[in-house]
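A structural walkthrough
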Amino acid sequence: MPIKYLLPVAALFLASCASNTPSCVGPQSKNLSQAIDTAQSSLMNGCHAHFDRYYDDLLTIAEGDPKPENKRAFSEFLVWSSDKGLLSNRQAQNYYNRYFNVKFMSMKGDYNNCSHTCPNKQKVLFNMERELSDKERGLLRVSLDNDGYYRADQLFQEVELVLEATCSACAAGR
Amino acid sequence: MRTAPRHSPTVTATRAATRRLSYAFIALLLFGFAVALSPTANANTPTIKLFPTTVVEDLKQTGNVARDMETGLQEVIGRLDQQQVLYQESKCDGAENDTGCQRLARQIGATYLEMLTIMEERLPDMEHTVNNTRLSLEKGLRSELGQKMTPWTLQETLIGGKAEQAASTSAPTLRGRSGMRLSERFKQYYQLVATSGAKGDQSLAVLASDIYLDMEETSLLIQRTRQEIARATLMEQLNQSFGIITPEMIEVVGGVKSILFGDAESTALVAGPPPASVEQAYRSPLEQ
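Quick caveat: nothing in here was measured; it's all calculated off a predicted structure.

What counts as what
- Residues numbered from 1 in each chain as written.
- Chains lettered and ligands numbered in written order.
- Predicted model: local features only at pLDDT ≥ 70, side-chain atom pairs only at ≥ 80, totals over all residues.
- Heavy atoms only, no water.
- Contact = heavy atoms within 4.5 Å.
- Buried area = accessible area lost by both parts, 1.4 Å probe.
- Salt bridge = Lys/Arg side-chain N within 4 Å of Asp/Glu carboxyl O.
- Polar contact = N/O pair within 3.5 Å; in protein donor to acceptor, adjacent residues only side chain to side chain.
- Helix = DSSP H or I, 4+ residues; strand = E, 2+ residues; numbered from the N terminus.
- Buried < 20%, exposed > 50% of the residue type's maximum accessible area, 1.4 Å probe, protein only.
- Disulfide = S-S within 2.5 Å.
- Axes fitted to C-alpha atoms, helices over the stretch in contact; angles between N-to-C directions.
- Parallel < 35°, antiparallel > 145°, perpendicular 65-115°, else oblique.
- Left-handed = near helix turned anticlockwise from the far one by under 90°.
- Nonpolar A, V, L, I, M, F, W, Y, C, P; charged D, E, K, R; others polar.
- Phe/Tyr/Trp six-rings, centres within 6.5 Å; stacked < 30°, edge-to-face > 60°.
- Expected span 1.5 Å × (residues − 1).
- Arc of directions from axis to C-beta.

1. Here's the deal with the interface of chain B and chain A
How big an interface is tends to be expressed through the accessible area that disappears when the partners come together. The interface of chain B with chain A comprises 40 residues on the first partner and 48 residues on the second. The junction of chain B with chain A conceals about 4100 Å² of combined surface from both sides, 62% of it contributed by carbon and sulfur atoms. Among the residues of chain B in contact with chain A, Tyr282(B), Leu286(B) and Gln288(B) are the three that bury the most area, contributing 18% of the side total. Taken together, the links from chain B to chain A amount to 1 salt bridge. The interface formed by chain B and chain A includes 12 residue pairs in polar contact (both at pLDDT 80 or more). Sorting the residues of the side of chain B that touches chain A by element identifies α4 (99-147), α5 (151-159) and α7 (201-240) of chain B as the ones contributing at least two each.

2. A look at unusual backbone geometry
All names here are of chain A. Here the phi dihedral of Cys-24 falls at roughly 55°; this positive angle occurs in a residue that is not glycine. Tracing the backbone shows Cys-24 in the loop between α1 (3-20) and α2 (32-47). Taking relative accessible area as the criterion, Cys-24 reaches 9% and is therefore assigned buried.

3. A few points about the state of the cysteines
What is meant by a disulfide is a covalent connection between two cysteines, made through their sulfur atoms. All names here are of chain A. Overall, the coordinates contain 4 disulfides over all chains when judged by the stated rule. Each sulfur in the disulfide pair Cys-114 and Cys-170 lies 2.0 Å from the other. With the S-S dihedral at roughly -70°, the linkage between Cys-114 and Cys-170 falls on the left-handed side. Taken together, the positions of Cys-114 in helix α6 (residues 113-117) and Cys-170 in helix α8 (residues 146-172) put the pair 56 residues apart, joining distant regions of the chain. Residue Cys-114 is classed as buried on the basis of its relative accessible area of 13%. Classification of Cys-170 as buried rests on a relative accessible area of 4%. There is a disulfide in this structure between Cys-118 and Cys-167, and the S-S distance comes to 2.2 Å. Its torsion about the S-S bond being -85°, the disulfide of Cys-118 and Cys-167 is classed as left-handed.

4. Topic: the environment of Met249(B)
All names here are of chain B. You can see Met-249 is positioned in helix α8 (residues 247-261). On the basis of relative accessibility, which here comes to 2%, the residue Met-249 falls in the buried class. Taking the C-alpha atoms as reference, Met-249 lies 9.4 Å from Ile-108; in sequence the two are 141 residues apart.

5. Here we look at the packing of helix α3 (residues 51-63) of chain A against helix α5 (residues 89-100) of chain A
All names here are of chain A. Where α3 contacts α5, the two axes come as close as 13 Å, and the packing angle between them is 30°. Judged on the interaxial angle alone, α5 and α3 are roughly parallel. Between α3 and α5 lies a crossing whose hand is right-handed. Contacts between α3 and α5 involve Phe-51, Asp-52, Tyr-55 and Leu-59 on the former and, on the latter, Tyr-95, Tyr-96, Tyr-99 and Phe-100.

6. Things to note about the side chain of Thr111(B)
Residue and element names in this part refer to chain B. Its location among the elements puts Thr-111 in helix α4. Judged by its relative accessible area of 2%, Thr-111 is buried. Once residues lying within four places of it in the same chain are set aside, the contact partners of Thr-111 are Val-76, Arg-79, Leu-80 and Gln-83.

7. Examining the packing of helix α7 (residues 121-142) of chain A against α8(A)
Residue and element names in this part refer to chain A. Axis separation between α7 and α8 bottoms out at 9 Å; the angle between their running directions is 175°. Between α7 and α8, the angle falls in the class roughly antiparallel. Contacts from Lys-121, Leu-125, Met-128, Glu-129, Leu-132, Lys-135, Glu-136, Leu-139 and Leu-140 of α7 reach α8 at Asn-146, Gly-148, Tyr-149, Ala-152, Asp-153, Phe-156, Val-159, Glu-160, Leu-163, Glu-164 and Cys-167. Grouping the amino acids of the contact of α7 with α8 by side-chain chemistry returns 11 nonpolar, 2 polar and 7 charged.

8. Let's talk about the packing of aromatic side chains
Residues and elements named next belong to chain A. The full count for this structure, using the stated rule, is 11 aromatic pairs over all chains. Seen from their ring centres, Tyr-55 and Phe-74 are 5.7 Å apart, and the 85° between their planes marks the pair as edge-to-face. Of the two residues, Tyr-55 is situated in helix α3 and Phe-74 in helix α4 (residues 70-83); the sequence distance between them amounts to 19 residues. Note on accessibility: Tyr-55 and Phe-74 belong to one class, buried.

9. Observations concerning helix α6 (residues 182-194) of chain B
Residue and element names in this part refer to chain B. Between its first and last C-alpha, α6 extends 18 Å over 13 residues, near the 18 Å set by a 1.5 Å rise per residue. Along α6, the residues classified as buried are Leu-182, Ser-183, Arg-185, Phe-186, Tyr-189 and Val-193. Along the axis of α6, the buried positions cluster into a sector of 160°, meaning they face one direction only.

Next up, the structure:
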């Protein structure tokens, strides 16, 4: 095929691609369940790369109408995301637990504390502190779970104390 | 037609006894399973061994040594307080050349020396028992929490499988100046440890860490105090010839008083939890 025909065809092809690019705007509704519907439809139409932003938008919308049922809405949204292959099961668990569970995902690890946690103690505690502020958002400001947030805060303080002692004992044994 | 075999009464009795034993054994097994499957048993397994008998005994011993030291010092410190009041009331500040004031200052200095001597005598015992407790706890913490646990299992131990329960569960003593007598503090530690069987592992881990860090700090303080006592004794022996009350003397006595007998005003106020919400029964399938 002569080159003079190829160029317009390629241009037409590129133009068609450009016109199909999704806009990926965040959900506009202030109602969480409607916002979740919009987010789901956008995510299924090519916006999955913006998952983090959609999740954050949904949290902001939920903060506008905090209630214990919001936990379930987020859980169902994440299970749906995992079922549709937008997230792996582990990612879905991370998204949920980081915001709505008392336990800290920053305290995950397969090796013992002396060898793994103690050498990175400061980093672990720093990550926990950041996670605690996400829990404040998820537990306290989105789901009104004051007890849960208080327990997470207490757990953070206990981990800080126990790690200080344990790591000191580990260091003394070397 | 076959008839049932007849047995002697002894054989029948033996069989009945065996049957009873079997029933008892089965009942015991069932009870065992029930206990093993009950939530309480689940919450307590696996049990962590952070407080062997030696630690409990060491804590008791440290409490006794601290009490002896307090008893010995109480009278001397009381006397020192009276002498200081007398010194101030006699307007001796700025009148150091006055013979009466010099005599008073020497008396205060002698009492101060007496206090240092008592401390010097009692501190080695104290140091010994504190170190024993610290070393036993150190071993337990290293092995049970440091080497046998991952960060996740440690977290689960601390939370005690009661993540969704109200936070009003037993909160162990927190670190910091407790504003109580030293012996009272050890007595409280001892009681907490001695009765810890009824508590979950989560309290034990925090309690062991708390006591260990306290012992570490106490041990370091005792070492430094012993070094300081030698220096202060020498200085005071020199001062005795001049009859001077140094600000250091007053400061040391104040410090000893607050460490040994506590400072009621320093009790920290702990903020209460935020008001609880009732509806939180939902558990996500994603929850770990």
